[in-house]
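# Coordinate inspection notes
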Protein chains: 2
Amino acid sequence: MTNTYAIGIDIGGTNTDMGLVRNDGKIIAHKNIPTNQYTLLEPYIHDMMECITAIMKENQVEAIEGIGIGAPNGNYYTGCVDNAPNLTIKGVLNFEEEIHKYMQVPVVLSNDANAAAYGELVYGGAKGMKHFIMFTLGTGVGSGIVVDGKLVHGSTGAAGELGHNILIPDGRQCSCGRKGCLETYTSARGIVQTFCELRKATPNYNGELKAVADADITSKMIGDAANAGDPIALKTYEQTAHWLGLAMANSVTFSAPEAIFLMGGPTKVGEPLLRPLRASFKEHLLNIYEGSCDIHVSSLKANEVAILGAAALLKMKE
Amino acid sequence: MTNTYAIGIDIGGTNTDMGLVRNDGKIIAHKNIPTNQYTLLEPYIHDMMECITAIMKENQVEAIEGIGIGAPNGNYYTGCVDNAPNLTIKGVLNFEEEIHKYMQVPVVLSNDANAAAYGELVYGGAKGMKHFIMFTLGTGVGSGIVVDGKLVHGSTGAAGELGHNILIPDGRQCSCGRKGCLETYTSARGIVQTFCELRKATPNYNGELKAVADADITSKMIGDAANAGDPIALKTYEQTAHWLGLAMANSVTFSAPEAIFLMGGPTKVGEPLLRPLRASFKEHLLNIYEGSCDIHVSSLKANEVAILGAAALLKMKE
């Protein structure tokens, strides 16, 4: 069988990562441009297309099946990025139209968490699954939902925003303007907030992060401290896992998935999060679902999943 | 076009209602048997089939397209009712197998809320919709979810149990053994509990339900009192609407539906529930969904929806 190729693009607030993906899921090569150096779509797409042309040329690839894009607020139906708060290029951005000025190939766009879920389905641990949910933990919390083997886009293209499910009514202030969203508890920022709250409530805390100011704490530091046995860091992950396990159990009442996947920076801590997460999920799961759904960490490499997921989106058109 | 017919069966804990449904959604005739008089499946199905044969004969219908059944804990994949706590016939009940001893027609079974959602899709206000969610309020709270025009059954057949979404962590005790489920706040029982709590907290309450003991209060009484202007009854529905609107807004983050439908006894109160419900839904909805999803009361008659929904299930096999 001859190999085919696609371009997967991961648009983040800081960088835009473009990869050449072979049909077996191998990323042959990739290049970056700095997203936050652009305020207009045209020059951004121009430079993006130069990169893509260069990657193809350098790897002697003459034709691609299409371009898949995972982007914040990416809308599958319109091919647009709709007013993404963390991009320096503002407004409703029609990627599909702009790319077609350079290259007549299929362009598929979706939000980054949907792309990750689809990557897991096509290339990762969800291969062959009909029903699963992906939670992505990062600066925020995203989700992608697969029902009957297809990504759920909903009526507007904006389905799968479980990070903004209100977990604790009147809870923590969320950047979306409402209170108590899952994201405020289980994102990297939420984890830092929990740590700082617990530390403040423990005057005799004497761990390695004692002298670090609240504003300088990162979830990575807390993860390292937890794995070194720091009691407040461990308690932080227990609390985070309690909330996330509850949210995951709630999501099961929706689509009765066979698995829930988890990915993103804050999951790298491993067992200090995963052990109490499995316990909380079990505790909060409605009895009729017992044994029908497991939690898995994404099987894709952290630095590859976004590009693979974006390229995988093209498979939806098949 | 020649008319075709199907049998729709609504299995409740007290009664089993069987209806002959014409393809245009008209219920030609129906009959009941008392579910709670049976402890074994065989005699129950025997009597059910006698009724069905009688209805068909009385209406000169010689052939039916199939039998659709809406039942508590009904499983679409297996054709079985799995250990329904409110049925006097215990265990895993294979309706499909048992019915086939009498009649070789397609048998489709699902839980009652799924059947109601499908009835709304095929015969009611959701006709032509691709994405919507049905909430059914009754003794409990059920839900049926339609994504891409299809009912979501999930990996086990038990998808769509939003009544057991944990709305208030560590909240009211639920019959499922966990705490804070939506059902404990917005079912008929939940509404009665809210009324009794509010009444207790208002020593100067002087409304018409003042002398009625907690155990004798029904949600119907509270509804009538609300429509007569009783302040505690009105406050009860405001509180109920607050919770339900929050749960509905949360459900939108899952599938971005174009509408949410509502049905069941407790909705009959009308505006005392619906006005604050729309306000709470709007208040709790994530901004990206603004204006994309409305709340509707089911357009089907309360005493017909269960039978129509059950009959509609057969359309899924087409």
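Residues numbered from 1 in each chain as written. Chains lettered and ligands numbered in written order. Predicted model: local features only at pLDDT ≥ 70, side-chain atom pairs only at ≥ 80, totals over all residues. Heavy atoms only, no water.

## Overview of the overall build of chain A
Within chain A, the secondary structure is distributed over 9 helices and 13 strands. Counting all 318 residues of chain A, 58% fall into the buried class. Considering only intrachain contacts with a sequence separation of at least 6, the fraction spanning at least 24 residues in chain A is 60%. For chain A, the accessible surface area stands at approximately 13100 Å², while carbon and sulfur atoms represent 50% of it. (Helix = DSSP H or I, 4+ residues; strand = E, 2+ residues; numbered from the N terminus. Buried < 20%, exposed > 50% of the residue type's maximum accessible area, 1.4 Å probe, protein only. Contact = heavy atoms within 4.5 Å. Areas by Shrake-Rupley, 256 points an atom, 1.4 Å probe, with all protein chains shown as cover.)

## So, helix H8 (residues 271–284) of chain B
Residue and element names in this part refer to chain B. The terminal C-alpha atoms of H8 lie 19 Å apart, and with 14 residues this matches the ideal 20 Å at 1.5 Å per residue to within 8%. When we look at burial in H8, the residues that qualify are Pro272, Leu273, Leu274, Pro276, Leu277, Ser280, Phe281 and His284. Buried residues belonging to H8 abut helix H6 (219–227), helix H7 (231–255), strand S12 (259–263) and strand S13 (294–297). (Expected span 1.5 Å × (residues − 1).)

## Points about the interface of chain A and chain B
Across the contact, 41 residues belong to chain A and 41 residues belong to chain B. When chain A packs against chain B, the two sides together hide about 3200 Å² of surface, and 62% of this comes from carbon and sulfur. Contact with chain B buries area across many residues of chain A, yet Thr253, Phe254 and Leu286 of chain A alone supply 21% of it, more than any other trio. Linking chain A to chain B there are 0 salt bridges. Inspection of the region where chain A meets chain B yields 18 residue pairs in polar contact (both at pLDDT 80 or more). For the side of chain A that touches chain B, the secondary structure elements donating two or more residues are strand S10 (141–147), helix H7 (231–255) and helix H8 (271–284) of chain A. Ranked by the residues each element gives to the side of chain A that touches chain B, the list is headed by H7 of chain A, at 6 residues. Residues belonging to the side of chain A that touches chain B are distributed by class as follows: 21 nonpolar, 15 polar and 5 charged. (Buried area = accessible area lost by both parts, 1.4 Å probe. Salt bridge = Lys/Arg side-chain N within 4 Å of Asp/Glu carboxyl O. Polar contact = N/O pair within 3.5 Å; in protein donor to acceptor, adjacent residues only side chain to side chain. Nonpolar A, V, L, I, M, F, W, Y, C, P; charged D, E, K, R; others polar.)

## Observations regarding the relation of the copies chain A and chain B
The two copies are related by a screw motion: chain A maps onto chain B through a turn of 180° and a shift of 0.0 Å along the axis, at an RMSD of 0.0 Å. What we have between these two chains is a two-fold relation. Interface overlap between copies: 100% of the residues of chain A at the interface are likewise at the interface in chain B, consistent with a symmetric, same-surface contact. (Least-squares fit on C-alpha atoms with pLDDT ≥ 70 in both.)

## Section: the packing of helix H6 (residues 219–227) of chain A against H7 of chain A
Residue and element names in this part refer to chain A. H7 packs onto H6 with a crossing angle of 110° between their chain directions and a minimal axis gap of 7 Å. With respect to H7, the element H6 is oriented roughly perpendicular. Regarding H6 and H7, the two cross each other, and that crossing is left-handed. Taken together, the residues of H7 that come into contact with H6 (itself represented by Ser219, Ile222, Gly223, Ala225 and Ala226) are Ala233, Leu234, Thr236 and Tyr237. Class assignment for the residues of the contact of H6 with H7 results in 6 nonpolar, 3 polar and no charged. (Axes fitted to C-alpha atoms, helices over the stretch in contact; angles between N-to-C directions. Parallel < 35°, antiparallel > 145°, perpendicular 65-115°, else oblique. Left-handed = near helix turned anticlockwise from the far one by under 90°.)

## What about the pairing of S12 of chain B?
All names here are of chain B. Most of S12 is tucked away, with 5 of its 5 residues classed as buried. The alternating pattern of S12 places Ala259, Phe261 and Met263 and Ile260 and Leu262 on opposite faces, both of which are buried. By the bridge criterion, 5 bridges tie strand S9 (residues 132–137) to S12 in an arrangement that is parallel. Paired with Phe132 across the two strands is Ala259, which belongs to S12. Bridge analysis of S12 against S13 gives 4 bridges, and the strand direction is parallel. Bridge pairing in S13 places Leu262 opposite Val297. Taking the sense of rotation as the criterion, the β-α-β connection linking S12, H8 and S13 turns out right-handed. (Pairing = 2+ DSSP bridges. Right-handed = clockwise from strand over helix to strand, strands pointing away.)

## Section: the environment of Val21 of chain A
Residue and element names in this part refer to chain A. Along the chain, the position of Val21 falls in strand S2 (residues 15–22). Judged by its relative accessible area of 2%, Val21 falls in the buried class. Along the sequence, Val21 and Ile52 sit 31 residues apart, while their C-alpha atoms lie 12 Å from each other. Filtering out sequence-adjacent residues up to four positions away, Val21 remains in contact with Thr4, Tyr5, Ala6, Gly8, Lys26, Ile27, Tyr123, Ile307, Leu308 and Ala311.

## Description of the confidence of the model for chain A
Averaged over all residues, the pLDDT of chain A equals 94, while 99% of them reach at least 70. As a predicted assembly, this complex carries a pTM of 0.94 together with an ipTM value of 0.93. (pLDDT = per-residue confidence, 0-100.)

## A closer look at the sheet that holds S12 of chain B
Residues and elements named next belong to chain B. Pairing in this open sheet of 5 strands is mixed, and the strands run S11-S10-S9-S12-S13 from one edge to the other. In this open sheet, the two strands that pair with only one neighbour each are strand S11 (150–151) and S13. In terms of strand pairing, strand S10 (residues 141–147) meets S11 through 2 bridges, oriented antiparallel. Bridging from a neighbouring strand, Val147 pairs with Lys150 of S11. Helix-sheet contacts for helix H3 (residues 112–123) involve S9, S10, S11 and S12, and the interaxial angle to S9 is about 130°. Across the sheet, H7 lies against S9, S10, S12 and S13, angled at about 150° from S9, the strand it touches most.

## Things to note about the sheet that holds strand S12 (residues 259–263) of chain A
Residues and elements named next belong to chain A. The sheet built from 5 strands is open, its strands ordered S11-S10-S9-S12-S13 with mixed pairing. What marks the edges here is a single partner per strand, and that holds for strand S11 (150–151) and strand S13 (294–297). Sheet topology note: the strand S9 (residues 132–137)/S10 ladder contains 6 bridges and is antiparallel. In the sheet register, Phe132 faces S10, and the bridge partner there is Val146. Contacts between helix H3 (residues 112–123) and the sheet are confined to S9, S10, S11 and S12, with S9 contributing the most and set at about 130° to the helix.

## A few points about the pairing of strand S1 (residues 5–11) of chain A
All names here are of chain A. In terms of residue burial, S1 counts as a mostly covered element, since 6 of its 7 residues are buried. Counting the residues in the hairpin turn of S1 and S2 gives 3 residues. Pairing between S1 and strand S4 (residues 67–71): 4 bridges, direction parallel. Bridge pairing in S4 places Gly8 opposite Gly68.

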